[in-house]
Amino acid sequence: MGEVELSCRAYVKMHLHACVFPRCSINGLLLSSGSAGGAVCVTDCVPLLHSHLPLAPISQLALTQVDAWCSQTQQRIVGYYQANACVSDSSPTPCALKIADKICEQFDNAVLLMLDGSKMSSDYRVPPIVMYERKDSRWTLKDKHTIMLRQWEETQAIAAQLLEAGDQSLLVDFDGHLDDITKDWTNQKLNNKIAELASPANGNI
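Residues numbered from 1 in each chain as written. Predicted model: local features only at pLDDT ≥ 70, side-chain atom pairs only at ≥ 80, totals over all residues. Heavy atoms only, no water.

An unreviewed UniProt entry annotates the protein as ER membrane protein complex subunit 9 originating from Gasterosteus aculeatus aculeatus. UniProt, in the comment section headed Sequence similarities (unreviewed entry), describes the protein in these words: "Belongs to the EMC8/EMC9 family." Per UniProt, the protein has the following entry under Subunit (unreviewed entry): "Component of the ER membrane protein complex (EMC). EMC8 and EMC9 are mutually exclusive subunits of the EMC complex." (UniProt positions renumbered as here; feature names shortened; annotations may be inferred.)

Among the seven residues that make up strand β2 (residues 26-32), seven are buried, leaving the element largely enclosed by the rest of the structure. Strand direction decides the pairing type here: β2 and strand β5 (residues 76-83), joined by seven bridges, are antiparallel. Counted as the bridge partner of Leu31 is Ile77 from β5. (Buried < 20%, exposed > 50% of the residue type's maximum accessible area, 1.4 Å probe, protein only. Helix = DSSP H or I, 4+ residues; strand = E, 2+ residues; numbered from the N terminus. Pairing = 2+ DSSP bridges.)

What follows concerns the packing of helix α1 (residues 8-20) against helix α4 (residues 152-164). Two quantities define a packed helix pair, namely the angle between the axes and the distance from one axis to the other. Between α1 and α4, the shortest axis-to-axis distance is 10 Å and the interhelical angle comes to 40°. One element, α1, and the other, α4, form an angle in the oblique class. Considering the relative orientation of α1 and α4, their crossing is right-handed. Residues Cys8, Tyr11, Val12, His15, Leu16 and Cys19 of α1 pack against Trp152, Thr155, Ile158, Ala159, Leu162 and Leu163 of α4. (Axes fitted to C-alpha atoms, helices over the stretch in contact; angles between N-to-C directions. Parallel < 35°, antiparallel > 145°, perpendicular 65-115°, else oblique. Left-handed = near helix turned anticlockwise from the far one by under 90°. Contact = heavy atoms within 4.5 Å.)

This paragraph deals with the layout of surface pockets. Approximately 450 Å³ is the volume found for the largest pocket. Lining the largest pocket are 16 residues, and of these Val126, Pro127, Ile129, Lys144 and Ile147 sit closest to its centre. For the lining of the largest pocket, the elements supplying multiple residues, two or more each, are β7 (129-135) and β9 (147-148). Per-element accounting of the lining of the largest pocket gives the leading share, three residues, to β7. The class makeup of the residues in the lining of the largest pocket is 11 nonpolar, no polar and five charged. (1 Å grid on protein atoms, 1.4 Å probe; cavity = no way out; pocket = protein on both sides within 12 Å on 5 of 7 lines; lining within 4 Å. Points joined across faces, edges and corners; volume = space filled by probe spheres on them. Nonpolar A, V, L, I, M, F, W, Y, C, P; charged D, E, K, R; others polar.)

If you want it as structure tokens, here you go:
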């Protein structure tokens, strides 16, 4: 498997998801709007759950709805992310492996991304992520040199700005949508906010 590029939008939303529910395990799906060949470009993510992660029916419902929405918006599910409730533990759980396996059935180059909760402060110079790829029916650590997050400092700054402004409250995960179906799990408001902060007019790309 080749390179994986993570967009500012995808990382910032994962980061906010973990910050909104700091004492919970959280998970979500990684999306791409790029073509199926070549490098995997993760352009967005859909935050899923912050409770009962191993509950299969909710995960299946979420996967089905997100997949249907992706079909309408020329996107595809290319991976899975998770942060564990214990910040010092960034190893994949059986739940993470099971959902990642399911995604891999539809997309051969799927990735499994674990957020390292112990390294999510702005002091760290590298993205707090641990990425796995599936090789020979097993999930193995991916070579760090094949993982790209362009403009990392700018991405960190955007995440910090949103947290400072309290805009993490805009983030809706699928759990929140199930509690109140008027809430938008595609997070268009938050996407627009991130796009504003990342625009060339603000000195970012």
